[in-house]
Amino acid sequence: LPLVGPRQADNLSVTFAIVDVLRRKGFEIPYEAVCAGVGKTTLPARTEGISKDPLIILDGGHNADGARALQKVLENVVREDKTLVIGVMADKEVDEVLAQLAPLAKRVVTTTPSNGRAMSAEDLQERAKAFCGETAAEPDPCKAFDLARSLTKPGEALIVCGSLYLAGDVREHIIESCGI
């Protein structure tokens, strides 16, 4: 399964259960076809591994549940020290999201996603200080990624998260700047 995290394994088990029901109803679905489809599955900005060296993960989870899912991945899969780039909507569970993710990071760079509901990078930084000792604010999402990348040392991981708007703002920039 090319997707990361325990929720993706849960989704895969649902897929196999559906295939099983369809087979019992007379549909011919070869096991090889299911495996081939699963192997080609992509889900941009959902715990998406953009790069392995350096490890860069893009996650568009935008609420407390999404943050909990990413938290599990960061605790159980990503062992490296982490730099977190985060941008959130002001009307979301900001403190809960920060409480789940920021303590896992060595440093946090806050930014402002391109949406009128977004919390400013500066306000988010003030809140992030309660959960992580090293913080910086950069309003421009692409510049925030570049700043975070410059702070991330070899062997560390860079996690961009907090909003699908943020993911949309930076995904192509990340791919281009990493030469992918």
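Chemist: Whenever I open this one, the environment of Thr135 confuses me. Can you help?
Modeler: Positionally, Thr135 belongs in strand β5 (residues 135-137). Separated by 26 residues in sequence, Thr135 and Val109 have C-alpha atoms that sit 5.7 Å apart. Apart from the residues within four sequence positions on either side, Thr135 is in contact with Val108, Gln125, Ala128 and Lys129. Within the structure, the side chain of Thr135 is placed 3.2 Å from the side chain of Gln125, a separation counted as a polar contact.

Chemist: Even after reading the chapter, I still don't get the nonpolar core, so can you show me in this structure?
Modeler: Note on soluble globular proteins: their nonpolar side chains tend to be buried together. Core analysis: the biggest nonpolar cluster contains 24 residues, and Leu84, Ile86, Leu101, Val108 and Ile159 have the highest contact counts within it. Every element with two or more residues in this core is listed here: β2 (55-59), α3 (64-76), β3 (82-86), α4 (94-101), α5 (121-128) and β6 (157-161). Not counting residues up to four positions away in its chain, the partners in contact with Val108 are Leu84, Ile86, Ala102, Ala128, Cys132, Glu134, Thr135 and Ala136.

Analysis parameters
Residues numbered from 1 in each chain as written. Predicted model: local features only at pLDDT ≥ 70, side-chain atom pairs only at ≥ 80, totals over all residues. Heavy atoms only, no water. Helix = DSSP H or I, 4+ residues; strand = E, 2+ residues; numbered from the N terminus. Contact = heavy atoms within 4.5 Å. Polar contact = N/O pair within 3.5 Å; in protein donor to acceptor, adjacent residues only side chain to side chain. Core = buried A, V, L, I, M, F, W, Y, C linked by side-chain atoms within 4.5 Å. Buried < 20%, exposed > 50% of the residue type's maximum accessible area, 1.4 Å probe, protein only.

Distances and angles like these do not, on their own, reveal function.
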